[in-house]
Amino acid sequence: RPFLLVPDTNVVLRAASLFELDAVQEVVFLQTVLQETRKQSPETYDRIRRLLASPEAKRRHLYLFSNEHCAATFSEPRKGESPNDYYDRLIRKSVAWLNTQYNALQGPRVVLLTEDRENARRARDDDHLVTFSLAQVDAWCAGAADTRVRDLVADSGGHHDAALNESASEKAHAAPASRTESA
């Protein structure tokens, strides 16, 4: 398992169904992201909270990190900084800190999952982080033989996840229960 994914708010809002798929494992949801998700879509927030509370979370290594209660990952807003820029900065700071922790343990590489080009550019250029887009997650999960990832990524382009909920739920229930887990 080479990567630990940390999605930003827009990815959670646009593609929450992705995180319900068995092929998507090793994910850390930040408190900052869930708070923003809750403000913008209480339904999506509830879905992610249920997922994190489920037995699947432990097996698939899905975690919640209270980044705003950790001195190493919290920061006050800067003067003149927009709320969006502030939250993006907190997310990047948390990904950088998690990367340092996992590198010390020789664990997986921590990757910011974002569709926001400016946030991805800042993550790469300013913070020296690895970023993935939804399309890159699709390619990464291709080895897991779960074609539902490709379907969800293709369907999520530019749309809020509400449009995906029904089709993803139907696909998830129609798919065979057994599959081999990739390492």
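Because the structure is a prediction, the values reported are computed rather than measured.

## Overview of the confidence of the model for the protein chain
Part 1 of the argument: A residue-level look at the protein chain finds 75% of positions with pLDDT of 70 or above and a mean pLDDT of 80.
Part 2 of the argument: Here helix α9 (residues 162–174) is the element of the protein chain with the lowest mean pLDDT, 32, and helix α3 (residues 42–53) is the one with the highest, 98.
Part 3 of the argument: With pLDDT under 50 throughout, residues 156–183 is counted as low confidence; its partners more than four residues away or in other chains account for 45 contacts.

## Looking at the environment of threonine 100
Part 1 of the argument: Looking at the element boundaries, threonine 100 is found in helix α5 (residues 83–104).
Part 2 of the argument: Residues threonine 100 and valine 110, ten residues apart in the sequence, show an inter-C-alpha distance of 8.8 Å.

## Here's the deal with the packing of α5 against helix α6 (residues 117–125)
Part 1 of the argument: At a closest axis distance of 11 Å, the pairing of α5 and α6 adopts a crossing angle of 40 degrees. Considering the angle they form, α5 stands oblique to α6. Every pair of crossing elements has a handedness; the one defined by α5 and α6 is right-handed. Residues Asp85, Asp88 and Arg92 of α5 lie in contact with α6, whose contacting residues are Asn119, Arg122 and Ala123.
Part 2 of the argument: The class makeup of the residues in the contact of α5 with α6 is one nonpolar, one polar and four charged.

## Comments concerning the side chain of serine 94
Part 1 of the argument: Relative to the helices and strands, serine 94 is located in helix α5.
Part 2 of the argument: On the basis of relative accessible area, serine 94 is assigned to the buried category, the value being 0%.
Part 3 of the argument: Of the polar contacts made by the side chain of serine 94, one reaches the backbone oxygen of leucine 90; its length is 2.9 Å.
Part 4 of the argument: Contacts of serine 94, omitting those with residues within four sequence positions, involve Leu30, Phe65, Asn67 and Thr73.

## Brief notes about the pattern of salt bridges
Part 1 of the argument: Tallied over the full model, the rule gives ten salt bridges.
Part 2 of the argument: Where glutamate 56 meets arginine 59, a salt bridge forms, and the shortest distance between an N and an O atom there is 2.4 Å. In this pair, glutamate 56 and arginine 59 are both assigned in helix α4 (residues 55–60), three residues apart and thus about one turn of the helix distant.
Part 3 of the argument: A relative accessible area of 33% places glutamate 56 in the partly exposed class.
Part 4 of the argument: Under the relative-accessibility criterion, arginine 59 is labelled partly exposed at 35%.
Part 5 of the argument: Measuring nitrogen to oxygen at the nearest pair gives 3.0 Å for the salt bridge that ties aspartate 127 to arginine 92. With a gap of 35 residues between them, aspartate 127 in the loop between α6 and β5 (130–132) and arginine 92 in helix α5 connect regions that are remote in the sequence.
Part 6 of the argument: In this structure aspartate 127 comes out as partly exposed when scored by relative accessible area, which is 29%.
Part 7 of the argument: By relative accessible area, arginine 92 is classed as buried at 7%.

The rules we used
- Residues numbered from 1 in each chain as written.
- Predicted model: local features only at pLDDT ≥ 70, side-chain atom pairs only at ≥ 80, totals over all residues.
- Heavy atoms only, no water.
- pLDDT = per-residue confidence, 0-100.
- Helix = DSSP H or I, 4+ residues; strand = E, 2+ residues; numbered from the N terminus.
- Contact = heavy atoms within 4.5 Å.
- Axes fitted to C-alpha atoms, helices over the stretch in contact; angles between N-to-C directions.
- Parallel < 35°, antiparallel > 145°, perpendicular 65-115°, else oblique.
- Left-handed = near helix turned anticlockwise from the far one by under 90°.
- Nonpolar A, V, L, I, M, F, W, Y, C, P; charged D, E, K, R; others polar.
- Buried < 20%, exposed > 50% of the residue type's maximum accessible area, 1.4 Å probe, protein only.
- Polar contact = N/O pair within 3.5 Å; in protein donor to acceptor, adjacent residues only side chain to side chain.
- Salt bridge = Lys/Arg side-chain N within 4 Å of Asp/Glu carboxyl O.

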